[in-house]
Structures are given as structure tokens and as C-alpha cells.
Amino acid sequence: MTSVNLRKDEAETPRAGNGVPLLAVRDLHTSFFTDAGEVKAVDGVSFTLERGKVLGIVGESGSGKSVTAYSIMQILAPTGKIVSGSIRFNGQELVGLDEKAMRKVRGNRISIIFQDPMTSLNPTYTIGHQLEEAIVLHTNRDGKEAKARALEMLKLVNVNEPAKRLKQYPYELSGGMRQRVMIAMALACEPDILIADEPTTALDVTIQAQILELMQDLQKQLGIAIIMITHDLGVIAQLCDEVIVMYAGSVCERGTADAIFYEPAHEYTKGLIRSIPRDENNGQRLEPITGTPIDLLNMPAGCPFAPRCDHALKVCLTRRAEEMWVGEDHIARCWNYVREQAEKGIATLEGGGIDG
Amino acid sequence: MAENSTLLEVQDLKEYFDINTGFFRSRPLKAVDGVSFTIRRGETLGLVGESGCGKTTVGRTVLHLYKPTGGKVIYDGKEISGKESLREFRRKATMVFQDPYSSLNPRMTVSDIVAEPLDVHKLYKTKKERNDRVLELLKYVGLNSEHASRYAHEFSGGQRQRIGIARALAVNPEFIVCDEPVSALDVSIQAQVINMFEDLQEKLKLTYLFIAHDLLVVRHISNRIAVMYLGKMVELADAEEIYHHPLHPYSRSLLSAVPLPDPKKARENKRIVLSGDIPSPLNAPSGCPFRTRCPHATEQCAGSMPAFDEVEKGHFVACHRIREIG
Ligand SMILES: Nc1ncnc2c1ncn2[C@@H]1O[C@H](COP(=O)(O)OP(=O)(O)OP(=O)(O)O)[C@@H](O)[C@H]1O
Ligand SMILES: Nc1ncnc2c1ncn2[C@@H]1O[C@H](COP(=O)(O)OP(=O)(O)OP(=O)(O)O)[C@@H](O)[C@H]1O
Ligand code: SF4
Ligand SMILES: [Mg+2]
Ligand SMILES: [Mg+2]
């Protein structure tokens, strides 16, 4: 935290290690073109994911977490479109890639599990049929080999009585078991990246613990990178190396899990952490984030969080702060951070006028 | 009125549903099977447990929205039995429902939704009295007269939950069963609603049975917490006691499974991960309902249901092996 340079150097990536990052998303913009107007669901998202790491995406409902994931996979609704930005997978640009090439990436290198396993499993086919199909489609196995692999996959995700399960239909399995099957399907293609969109939200805590444990094991065993989308800060704390906090379509803060929880720099992140029941505020009144969630069709001019921010400055209402380094591998977009640094004499402010 | 006095006492409550299993055949689904607890005046008792363990059914059966299959509910010293006592009870005890999206009629105005219990119990004399009361109720939950003439579907989840609460407050209740009142809400909105429950409790001297599956929320709002598993109550103790020293093997694993919103604690946390799935209540195991997943189970556990014993002052546990594993 000795850096005086608050402005982020565009060319620099957070983990400028050797070699190409596994996934590098730069200034992604995705919109839906609806009758009511353009919905900027993802409005400038950048992050880097390294091999074998777990990246968490957290934010309130409608903040653009799923659309970010769908943009990477290019499985957007017909009205949705990546407007600008870059998504590089192993150095290969995915934005603008044709559907055929994209299908290869989708099935073979990056896979996704959805929040509700019931909607993504076909109720009319057995688990075995669906698993084998995924295996045949995405690997060079078929016939007997695919069958054997399906059984192996169910064992890998700790489904009990796997041979029996292969012959069962989705409705015959419990929620936790269906989610395991979903994970098995997603892993059938041996992906480099597994995107998990709220994989445990519909599950009970003890089942959730089993699934999270399973994901941690798989990540260690197979070395896959995981993008974990959730609104649960507990899941983030438990699983993630790095975290991006989204608000109204853009990243307001990004950093290691420790940085986000112990040194949050954006007022929204601070508010989010203050508002949840924890040891620190037990027996005290919670400090909620006031106001109502944002309407993407009526975005304020400056910082999107300004209308709900208790510490909004004048400048927050008119101008958006840029991404700034606030520590090693830690970025935030908040004028209050700039003000704090200015007060400490660390930064100077060009343009001035950020007084509250 | 004396603090610390018992407001509600539930003895051996049972609720069995008849489930059709074929032509003219049915089997009882024991959703709640012999649950006993008390709630003190002004207290919040949290009720936790996994989906399907019977939390909502306990709430509904206590309020006699379901006729109990067995057991007693004693409110303010009087047993609820017969029409007269039930009618009186219904004016003092009410419920806030699980889902703010489906529990309000979308074709009714907020004002009519909130006033419905007033109409049912004929709690006003003039139109003006009714209106004034509606506005007062909306004010309690942080809404205003502008909201009164609008329809429920025009509101956000947090606001709908407030409408549901205003409606529950209409009869001037003393006791409210709050069934997962914040589960469907966004984290940032949850805190607003939790604070409102706490403020209302203080202002109106309310007593809550607070059902939720988020243990951190329940710990925050409750004085005591009860843990259910497959229709049975397995543990009951002070909130802090159960949070830090759960005794029943199921509560231990449940609490250890809570993802703590703190990376250092999460790293140190030793989770007790259970194997297997929760059995169906139609095929509940003999003896202790938890024995099929319990790491400590012995033959005795299959033989008989352990008694719900007070093992320390105010700390109840139903486990045969509590002395050995404690
Ligand atoms: N098909 C669509 N047409 C129009 N708008 C859409 C569409 N899909 C998503 N959106 C909008 O994009 C924004 C971001 O949605 P997204 O699903 O990414 O949110 P999220 O962060 O995943 O929320 P949640 O936590 O509720 O899943 C929302 O405002 C949503 O209404
Ligand atoms: N009206 C009913 N008829 C038949 N079975 C029912 C009925 N209501 C509940 N059940 C069954 O009783 C058991 C307990 O259900 P209940 O809704 O009380 O659980 P819960 O603990 O509230 O679960 P959740 O956390 O999912 O709300 C479940 O097996 C459920 O399927
Ligand atoms: S009674 Fe037996 S099976 Fe039940 S919790 Fe105790 S040790 Fe486990
Ligand atoms: Mg989503
Ligand atoms: Mg329920």
C-alpha cells in the first residue's frame, strides 16, 4: 500500500505474472435492447482469472453477475449483445468468434452450472443418458467408454449408489444430488474453467457445505479454475481467492478475499459487510444499506451507488471514479477512497471539487 | 405484566398429513411429531432446520391453521380448545408468511390487504376509523399513505414483506409466527427488515416465533433457538449457547456448516460434513430420526426415540449418547 499512483494504469493487469492469463476480461459491456430502452446489464467489467484459482462474483440481485457469466459463454438471450470489450481465453479472443468456434470453447474448455438444477436437467431422460450424451459430445469417448466415464463422474462427485442413479430420472433425486449431477455434467468435458452461478442457493446449509467441499476438492484435484457467482458473503469467504463486487453492472471493487473483507475501500462493499449479521455486530442493531436497488433504465450520472451512499460527496453525483489501485491486487472505484488518501496527503486531486 | 412469564406453551404437538399411496390407501406423513417448547412474553424463539423438517407446519399448527393431530397449545395459561378460545387466540396470534411474492393477492390494493383482518374481526366502526388504522399500520412498517392505494405487485420484495407485516399487525397481536420473513430478500434489504422486526417488538411488546434457515440471521434476532430434524425437536437453548456450544450431533454439523462471512474464520472453521441425504418423512427411521446420518449412532439409537432432556439449565437435547459425546 505504498503506491502513490492512484490512477490505475490501463495496461497493467492485476496479476501480471509470467505468461498469458487463463481468462482476461477487459471493459466488457453487455446490453439488452428492450422496448423500454437499452438495459446496460454489464457496464464495464474487467478481471483476470488464473489457472486453478477461485474467483468470486458477489453483488445484489440484478447487478449483472449472471449476465457477466453468460457473456463469457455467449449464451445471452436474443435481445442481449456484447457491445464492446474483450474476453480472452488462453490468449484467444472470444468476442466476435463465430458460433461454431464458440461451441467448442463452451463445451470443452469452459462450462457452467446454473442455479436451479431442475431447469437444466431434462426431466424426460435418465441421469445416465444425459451424462453419456455430454461425454460423447465433448470428449472423444463413446459407447462403453462413455458409460464407464459417466459412472466414474458420478463417483467423482460423491453420489451414493452411482450405478443405480444412472438409471434414475432427475425427479427421483434430491436437490443436493441433482446439483452433484449438474457438476458431474459440467465436468464431463474436463473444462479449464467451471462457472458456478449460485450453485447452492436453493440448497440447505448442510447440503451446501457438501457441495462447496466437493468444489474445493475438485479444484485442488483437477486444477480447474472456478468462477463462483453468489450473493452469499459466507460462500465467498469460504471458497474464493479473489473477489469482484458488482453494483449496477460494473465492478466497484476487486481484490483478494482478505482485502475485500478486512480492508474494503468502496462504500458499497463496506455497507454490504456492515449489513450482514456477524460476530462483530451480534447484539447490536444491523446497519442496513438504505434506499432501494437501482433501476438500470434510470442510471444516475455519477457513481451508481451515490443515491444510496451515506458518504456520497458532491463529485459522486456527477462523475464516476475510475478504477484505482488501493493496494496490491486490490482495485476500487470510490471517490471517498480518494478523499481519504488526499486527507492523508498521499494523493493530490486533479480537478478538485470532491468536498462533500 | 410479569416479564419472563410464559406466554405460549406447546406440549407434544403432532401434525400428521394423510398421503395417498394408491387406491383407497393412505399413510400418515408425520410432519411434526411430538414437539414441546415454551415461549416467554416478549421473547424471540428462533426455529431452524433443513427444508421439509416441519418448521412451517409447527408455526401453522401452533396457530391452529392446521388442526393438531395431537398435543396441546396453551396460550396465556389457557388451553386452546373449542371455538371460543380459538377465536380469542386468533386475535392475539398471527403469522407473517414465507414468500412475499405469492402471499399477497396481486389484485388487491395495499389498503385492502392490510385491512382484511380488520374486516374479518370487525375491528372498526366507521370507514374513517378503518382508514386511519390502515395508515397507522403502514407507518409502523415504514410505508405511507401514497402506498395505500397501489397494488401489491407494484412493490419490491422488501416492500411486500413490509405489507405482509402491516397486515399481521392489524389485529394488534401479541404473538407472531414469522415464517422465513427475510429469506427471499436481498442481503442489503434483509437488514432493513430485521431491524424493523426488532423495533416493532420493542414498541408493541411482541413475542415472536421466528422461522428461518439462515442461522446467522436467527442468531442475531433470537433469544433462544430450537433446532428441528425430520419432524422432531432435537435441541433448544439460549441463542449464544447453541451458537457456540451446540450439543446435539445434528446441531453441531448444522452450525459448523454455516459459511462464515469472514475468510480467516472460514479457513479455521472445522466443518462436520454429514454424509447422505435427509430421509423422507414418509420413511422416517425408527428411534432417533438422525441416526442414519449420525457419526455417533449405536444400536440403542435405532431402538427408541431419545427423550428431550434438560441436560444443562435451559438447554434441552434429544440424544441417547449426549453424556458420552458431550
Ligand atoms: N433477457 C433480458 N432482457 C432484459 N434485461 C435483462 C435480461 N436478462 C437480464 N436482464 C437485466 O440485466 C440485469 C442484470 O441481470 P443478471 O441476471 O446478471 O443479475 P444477477 O446479478 O445475476 O442477479 P441475481 O442475483 O438476481 O441472479 C438486470 O437488471 C436484469 O433485469
Ligand atoms: N399440507 C400438507 N400436506 C401434505 N404434506 C405436507 C403439507 N405441508 C407440509 N407437508 C410436508 O410436511 C413436511 C414438513 O413441511 P414444512 O413445510 O413444515 O417444512 P419446513 O421446515 O417449513 O420446510 P422449508 O424450509 O422448505 O419451508 C414436508 O415433508 C412437507 O412435504
Ligand atoms: S440419539 Fe444416537 S443417532 Fe441420534 S443423535 Fe444421538 S447419537 Fe446420534
Ligand atoms: Mg443471477
Ligand atoms: Mg417452511
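Residues numbered from 1 in each chain as written. Chains lettered and ligands numbered in written order. Predicted model: local features only at pLDDT ≥ 70, side-chain atom pairs only at ≥ 80, totals over all residues. Heavy atoms only, no water.

Colleague: What is the right way to read the packing of aromatic side chains from this model?
Modeller: Centre-to-centre distance and the angle between the planes together describe a pair of aromatic rings. Residues and elements named next belong to chain A. Tallied over the full model, the rule gives 14 aromatic pairs over all chains. Taking 6.1 Å as the distance between ring centres and 55° as the angle between the ring planes, the aromatic pair formed by tyrosine 70 and phenylalanine 114 counts as tilted. Of the two residues, tyrosine 70 sits in helix α1 (residues 65-73) while phenylalanine 114 sits in the loop between β6 (110-113) and α3 (117-120), which places them 44 residues apart along the sequence. The partly exposed category is assigned to phenylalanine 114, whose relative accessible area is 25%. For the ring pair tyrosine 247 and phenylalanine 305, a centre distance of 5.2 Å and an interplane angle of 80° mean the geometry is edge-to-face. Remark: phenylalanine 305 occurs in the loop between α11 (267-275) and β11 (324-327) and tyrosine 247 occurs in strand β9 (residues 242-247); sequence separation between them is 58 residues. Here tyrosine 247 and phenylalanine 305 have matching classes, each one buried. (Phe/Tyr/Trp six-rings, centres within 6.5 Å; stacked < 30°, edge-to-face > 60°. Helix = DSSP H or I, 4+ residues; strand = E, 2+ residues; numbered from the N terminus. Buried < 20%, exposed > 50% of the residue type's maximum accessible area, 1.4 Å probe, protein only.)

Colleague: In this structure, what is going on with the pairing of β9 of chain A? I would like to understand it.
Modeller: Regular strands show a simple pattern: their side chains alternate between the two faces of the sheet. All names here are of chain A. The element β9 is extensively covered by neighbouring structure, given that 6 of its 6 residues are classed as buried. Side chains Glu242, Ile244 and Met246 project from β9 onto one buried face, and the interleaved Val243, Val245 and Tyr247 project onto a second face that is buried too. Relative to β9, strand β3 (residues 54-58) runs parallel, the two being bridged by 4 bridges. Paired with valine 58 across the strands is valine 245, a residue of β9. Taken together, the 6 bridges between β9 and strand β10 (residues 250-256) define a ladder with antiparallel strand orientation. Across the sheet, the residue bridging to isoleucine 244 is arginine 254, located in β10. With antiparallel pairing between neighbouring strands as the criterion, β9 and β10 make up a hairpin whose turn holds 2 residues, including alanine 248 at a positive phi of roughly 50°. (Pairing = 2+ DSSP bridges.)

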